[in-house]
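Summary of the model geometry
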Amino acid sequence: MKKLTKIFGLVLIAALTVIIAVCAAACGDGEKREEWEIYAGTYKFSKMEMTIQGSGINQSVTINAGESYAGLSYTEDTMVIELKPDGKATISSSISSIKSEANLTWRVEDGKLIFPETTTTGMDMTISENTIEYGMTLSVSGMTTTSKYILEKV
């Protein structure tokens with residue numbers, strides 16, 4: 001009887017092991033994905049939506065990567081944000097002959113992309129698994145320009 005109980009116990013353990021393995025493979029391990037697993041990658045300029053108002057002007061325009069506006073050429077490299085799995089980031093911009101690059105760290109809080117080394121007022125960067133969006137408003141000499149930038153993960 002002891003031998004039968006021992007065999008039954010081993011069979012039960014083997015069966016449970018197989019069930020757990022199948023569930024883990026089919027359902028995932030049930031753990032929450034880490035920030036870097038969700039968001040790490042390279043995001044490139046896709047388009048800019050801009051509204052210009054004031055001094056008798058009321059204009060809205062959408063500029064897609066590969067197009068020009070006001071003498072400036074916009075490409076995917078106009079704005080590139082690379083979020084690395086180790087929490088580091090590289091942000092580069094290039095419009096016509098003007099180029100810049102910054103190396104920062106990043107994190108995500110409540111759907112917002114945060115670069116702790118920077119201070120921005122009135123500009124939130126929202127992030128989803130494949131898109132970064134941010135906007136800003138500038139007012140100069142009675143003219144207000146509101147811009148929304150959209151970067152897509154490549």
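Within each chain, residues carry numbers counting from 1 in the order of the written sequence. Side-chain atom pairs in this predicted model are given and counted only at pLDDT of 80 or more, local residue features only at pLDDT of at least 70, and totals for whole chains, interfaces and linings cover all residues. Excluding hydrogens and water, the side-chain values take into account all heavy atoms of the structure.

Focus: the nonpolar core
The term nonpolar core refers to a set of buried residues drawn from Ala, Val, Leu, Ile, Met, Phe, Trp, Tyr and Cys, joined through side-chain atoms within 4.5 Å. Remark: exposure states derive from per-residue accessible area (1.4 Å probe, protein chains only) relative to the maximum for the residue type, with buried under 20%, exposed over 50%, and partly exposed in between. Core analysis: the biggest nonpolar cluster contains 27 residues, and I81, L83, L113, F115 and I132 have the highest contact counts within it. Every element with two or more residues in this core is listed here: α2 (35–39), β1 (41–54), β2 (57–64), β5 (79–83), β6 (88–95), β10 (125–127), β11 (131–140) and β12 (143–153). For this core, the leading source of residues is β1, giving five residues. Contacts between residues were defined by any pair of non-hydrogen atoms, one from each residue, lying within 4.5 Å. With sequence-adjacent residues up to four places away left out, L83 is seen in contact with Y39, A40, G41, Y43, K88, A89, W106, L113, F115, I127 and I132. Labels follow the DSSP assignment, with helices taken as runs of H or I lasting at least four residues and strands as runs of E lasting at least two, numbered in each case from the N terminus.

Focus: the packing of aromatic side chains
A pair of aromatic rings is counted whenever rings of Phe, Tyr or Trp (Trp by its six-membered ring) have centres within 6.5 Å, and the orientation is called stacked for planes under 30 degrees apart, edge-to-face for over 60 and tilted otherwise. All chains considered together, the criterion is met by two aromatic pairs. For the pair Y134 and Y149, a centre-to-centre distance of 4.9 Å together with 15° between the ring planes defines the contact as stacked. Taken as a pair, Y134 in strand β11 and Y149 in strand β12 lie far apart in primary sequence, 15 residues in all. As far as burial versus exposure is concerned, Y134 and Y149 are alike and both buried.

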